[in-house]
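If you want the building blocks of each chain, they are given just below.
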Amino acid sequence: AVVSTQSGHYGRGKKWNQGQALGIHKLQRRILLRGMDMLAEGGRIVYSTCSLNPIENEASILSALKNRPEFRLLPTSGYLPELKREPGLTSWKVMHSSGTWYDKFDDVEEKHRKSVSPTMFPDEAAEHNLQYCMRVYPHQQNTGGFFICIIERKESEKASPLVPEVEEAEENVEEKTEETNLHKNTNTLVDKMKWKTYHGYREDPFIFLKRDAECFKNLTEFYDISDSFPYDTMFVRSVETKQRNLSVSCARIRDIIEQNERKIKVINCGLRLFSYCKENFSSCCYRLLQEGAHFTAGFMGKKLFEVSVADMVKVLAAESCPKESMEAALYEKIKDVPQGIIVFHLKAAGTVPDIFACVYNTENNVKTYITEDEKNHFRLILGLEPLLTKRELKKQKAIEHHREKRQATAERVAAEQEEIARKKLEPEVKPDPDDSDSHQQNNESDKDVESEEIKSEMVDEVQN
């Protein structure tokens, strides 16, 4: 069994604080104890976290081993010898969210005992071989930080009753009795469990297809898929004639789903291989998806092409690539291929792994039919600079627009301030009363002259 907790997942760094670390210790400890109770004699649990905090790692392991004496830690030094690692810690301090450090639980202040529990301290650490744990540090080999250990349930000893703990003192008696019974005889209790029907939202059904299904006829011919392809593990999620997606699973998953349709609620499983497309896209009504290209390529014939690094670099460019620009050998193979999805395969060489890229083939051009992130991933593998995605271009355009707007606002404010300063420097001109009187007299004389001219024009018209 594997117990993995994502205590260091992406986005947690900005929100992380010491109080969360103390709370996660209790959660991870309960998860681990639950997994240990369900383990058969001689079984093993691989416990792993994405954290280097001993409160989340060694403290959880130590408290679980003290509570379950029939379990033990196994050495990890024999696994992955090339992986650089450090042994687990056997001593550490506990810090409260207020910043106060404690060496032992007896020193913890009464007001801090609500969040700091005895299971967080390294009491009796030397007796449980915590050095068998594995710590992977980021600086040693350019990886993330990980904590890994292997816990085994001993075969020679029978399960012992639970050891009461301080933080479980307030739990009711019924919960303790149920946990004790599960710990003593897990298999018997599981066998007696009654399945409850789930009356909530029902997921789309998993319908596994037969080899002679209608959707396989055109698809098999277009992609030249061999008879060894696992048709019997292909499934769809609806009963419609035109299936939107064709996915593949394995025989064991198929049997589990078909035999437990009303007992297990399956949200999703399998690998999507094909998706329904319009008629003008291709002569085949299903296009191959990039996420399933590496799987399907092993069964493809004439639609799979081995390419060189130079040709792969060309199709990973931003725009579509003319077929004539490809190497002569590849051009001769793809020039008469009908329109639709084909697969370019770049074989592994050195540090470059196998690359399978879905390419949309038209009459004159070829272009990768993958997401921008997948394209940049392949470019980075080949040592190329990543291209700007649509999101990044949109963000860049918004930043440029914001910069221009701020610059225009700054120029307008500067012009207004300059105008205000100029007006303050200009002397105030006061009107001369004598000049105003003379100006008024001139205006009145002009009006008299205009009135005389109008009268003379009217007399002339009357006489005429």
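Residues numbered from 1 in each chain as written. Predicted model: local features only at pLDDT ≥ 70, side-chain atom pairs only at ≥ 80, totals over all residues. Heavy atoms only, no water.

Novice: Before we go on, may I ask you to explain the overall build of the protein in this structure?
Specialist: Summing up its helical and strand segments, the protein has 13 helices and 18 strands in all. The 464 residues of the protein split such that 34% are buried. Long-range pairs, those at least 24 residues apart, make up 67% of the contacts in the protein between residues at least 6 apart in sequence. Accessible surface for the protein amounts to roughly 30,400 Å². Of this, 52% is attributable to carbon and sulfur atoms. (Helix = DSSP H or I, 4+ residues; strand = E, 2+ residues; numbered from the N terminus. Buried < 20%, exposed > 50% of the residue type's maximum accessible area, 1.4 Å probe, protein only. Contact = heavy atoms within 4.5 Å. Areas by Shrake-Rupley, 256 points an atom, 1.4 Å probe, with all protein chains shown as cover.)

Novice: What is the right way to read the sheet that holds strand β18 (residues 365-368) from this model?
Specialist: For sheets, the rule is that strands pair by backbone hydrogen bonds, running either parallel or antiparallel. Ordered in space as β14-β16-β17-β18-β15, the 5 strands form an open sheet in which the pairing is mixed. Looking at which strands have only one partner, the edges of the open sheet turn out to be β14 (304-306) and β15 (321-322). Relative to β18, strand β17 (residues 355-361) runs antiparallel, the two being bridged by 3 bridges. Within the sheet, the bridge partner assigned to Tyr 360 lies in β18 and is Lys 367. (Pairing = 2+ DSSP bridges.)

Novice: Could you clarify how one ought to interpret a negative patch on the surface in this entry?
Specialist: A grouping of Asp 106, Asp 107, Asp 123, Glu 124 and Glu 127 is seen on the molecular surface, where their side chains present a negatively charged patch. Locating Asp 123 in the fold gives a position in the loop between β6 (101-102) and β7 (134-136). On the basis of relative accessibility, which here comes to 37%, the residue Asp 123 falls in the partly exposed class. (Patch = residues over 30% accessible without salt bridge, like charges linked within 9 Å, V, L, I, M, F, W, Y side chains within 5 Å. Salt bridge = Lys/Arg side-chain N within 4 Å of Asp/Glu carboxyl O. Lys, Arg positive; Asp, Glu negative; His and termini not counted. Charge placed at Lys NZ, Arg CZ, Asp CG, Glu CD.)

Novice: Looking at this model, I keep getting lost on helix α1 (residues 18-37). Mind explaining?
Specialist: Helix length check: α1 (20 residues) gives 29 Å between terminal C-alpha atoms against 28 Å at 1.5 Å per residue, within 8%. Of all the residues in α1, the buried ones are Gln 18, Ala 21, Leu 22, Ile 24, His 25, Gln 28, Arg 29, Leu 32, Leu 33, Gly 35, Met 36 and Asp 37. (Expected span 1.5 Å × (residues − 1).)

Novice: Teacher, can you tell me more about the side chain of His 112 here?
Specialist: Topologically, His 112 is positioned in the loop between β6 and β7. Its relative accessible area of 7% is what places His 112 among the buried residues. Ignoring any residue separated from it by four or fewer positions in sequence, one finds His 112 in contact with His 96, Ser 98, Thr 100 and Tyr 102.

Novice: I keep staring at the pairing of β17 and nothing clicks. Help me out?
Specialist: In summary, the side chains of a regular strand alternate between the two faces of the sheet. Here β17 lies mainly inside the structure; 7 of its 7 residues are buried. Here β17 shows two buried faces, one formed by Ile 355, Ala 357, Val 359 and Asn 361 and the other by Phe 356, Cys 358 and Tyr 360. Hairpin geometry of β17 and β18 is characterised by an intervening segment of 3 residues between the two adjacent antiparallel strands.

Novice: Would you take a moment to explain the nonpolar core for this structure?
Specialist: Nonpolar side chains in soluble globular proteins generally cluster together in the buried interior. Membership of the largest hydrophobic core comes to 51 residues, with the highest contact counts inside it found for Tyr 223, Leu 246, Phe 274, Met 312 and Phe 344. Aside from chain neighbours lying at most four places away, what touches Leu 246 is Leu 209, Cys 215, Phe 216, Leu 219, Met 234, Phe 235, Val 236, Leu 271, Arg 272, Leu 273, Phe 274 and Tyr 286. With 29 residues, the next largest nonpolar core counts Val 108, Phe 121, Ala 125 and Phe 147 among its residues. (Core = buried A, V, L, I, M, F, W, Y, C linked by side-chain atoms within 4.5 Å.)

Novice: Explain the packing of aromatic side chains to me, please; I cannot follow it from the model alone.
Specialist: Each aromatic ring pair is specified by the distance between its two centres and by the angle formed by the two planes. One pass over the structure, following the stated rule, counts 16 aromatic pairs. Relative to Phe 295, the ring of Phe 229 has its centre 6.3 Å away and its plane inclined at 70°; by these criteria the two rings are edge-to-face. A residue pair is termed long-range when its members are at least 10 positions apart, and Phe 229 in the loop between α6 (214-223) and β10 (234-236) and Phe 295 in helix α8 (residues 293-296) qualify at 66 residues. Residue Phe 229 is classed as buried on the basis of its relative accessible area, which comes to 4%. Under the relative-accessibility criterion, Phe 295 is labelled partly exposed at 27%. Between Tyr 276 and Tyr 286, the ring centres sit 5.7 Å apart and the planes meet at 80°, which makes this aromatic pair edge-to-face. Of this pair, Tyr 276 sits in strand β12 (residues 271-276) while Tyr 286 sits in strand β13 (residues 286-288), and the two are 10 residues apart along the sequence. Exposure remark for Tyr 286: the relative accessible area of 3% places this residue in the buried category. (Phe/Tyr/Trp six-rings, centres within 6.5 Å; stacked < 30°, edge-to-face > 60°.)

Novice: Just to check I follow, could you spell out the packing of α1 against helix α2 (residues 58-67) for this structure?
Specialist: For the pair α1 and α2, the least separation of the axes is 9 Å and the interaxial angle reads 45°. Between α1 and α2, the angle is such that the two are oblique. Handedness of the crossing formed by α1 with α2: right-handed. Facing His 25, Gln 28, Arg 29, Leu 32, Leu 33 and Met 36 of α1, the residues of α2 in contact are Ala 59, Ser 60, Ile 61, Ser 63, Ala 64 and Asn 67. Class assignment for the residues of the contact of α1 with α2 results in 6 nonpolar, 5 polar and 1 charged. (Axes fitted to C-alpha atoms, helices over the stretch in contact; angles between N-to-C directions. Parallel < 35°, antiparallel > 145°, perpendicular 65-115°, else oblique. Left-handed = near helix turned anticlockwise from the far one by under 90°. Nonpolar A, V, L, I, M, F, W, Y, C, P; charged D, E, K, R; others polar.)

Novice: Looking at this structure, how should I read the sheet that holds β10?
Specialist: Here 5 strands make up an open sheet; going across it, the order is β9-β10-β11-β12-β13 and the pairing antiparallel. For this open sheet the edge positions go to β9 (207-208) and β13, each flanked by a neighbour on one side alone. In the sheet, β9 pairs with β10 via 2 bridges, with the strands oriented antiparallel. Bridged to Ile 207 within β10 is Val 236. Of the strands in this sheet, β10, β11 (245-248), β12 and β13 are in contact with α6, which crosses β13 at around 45°.

Novice: When you look at the environment of Ser 247 in this model, what are you seeing that I'm missing?
Specialist: Inspection of the secondary structure assignment puts Ser 247 in strand β11. Take Ser 247: its relative accessible area is 7%, and that puts it in the buried class. Note: C-alpha distance between Ser 247 and Ser 275 (28 residues apart in sequence) is 9.0 Å.

Novice: What exactly am I supposed to notice about the confidence of the model for the protein here?
Specialist: Low-confidence regions, as indicated by low pLDDT, have predicted coordinates that should not be scrutinised in detail. Confidence in the prediction of the protein, expressed as mean pLDDT, is 81, and 78% of residues score 70 or more. Note on residues 158-193: pLDDT is under 50 here. Beyond four places in sequence and across chains, it has 40 contacts. (pLDDT = per-residue confidence, 0-100.)

Novice: Quick question: what am I supposed to make of the side chain of Arg 254 here?
Specialist: With respect to the helices, strands and loops of the structure, Arg 254 is situated in helix α7 (residues 251-259). Beyond its immediate sequence surroundings of up to four residues, Arg 254 is in contact with Phe 208, Asp 232, Thr 233 and Ser 249.

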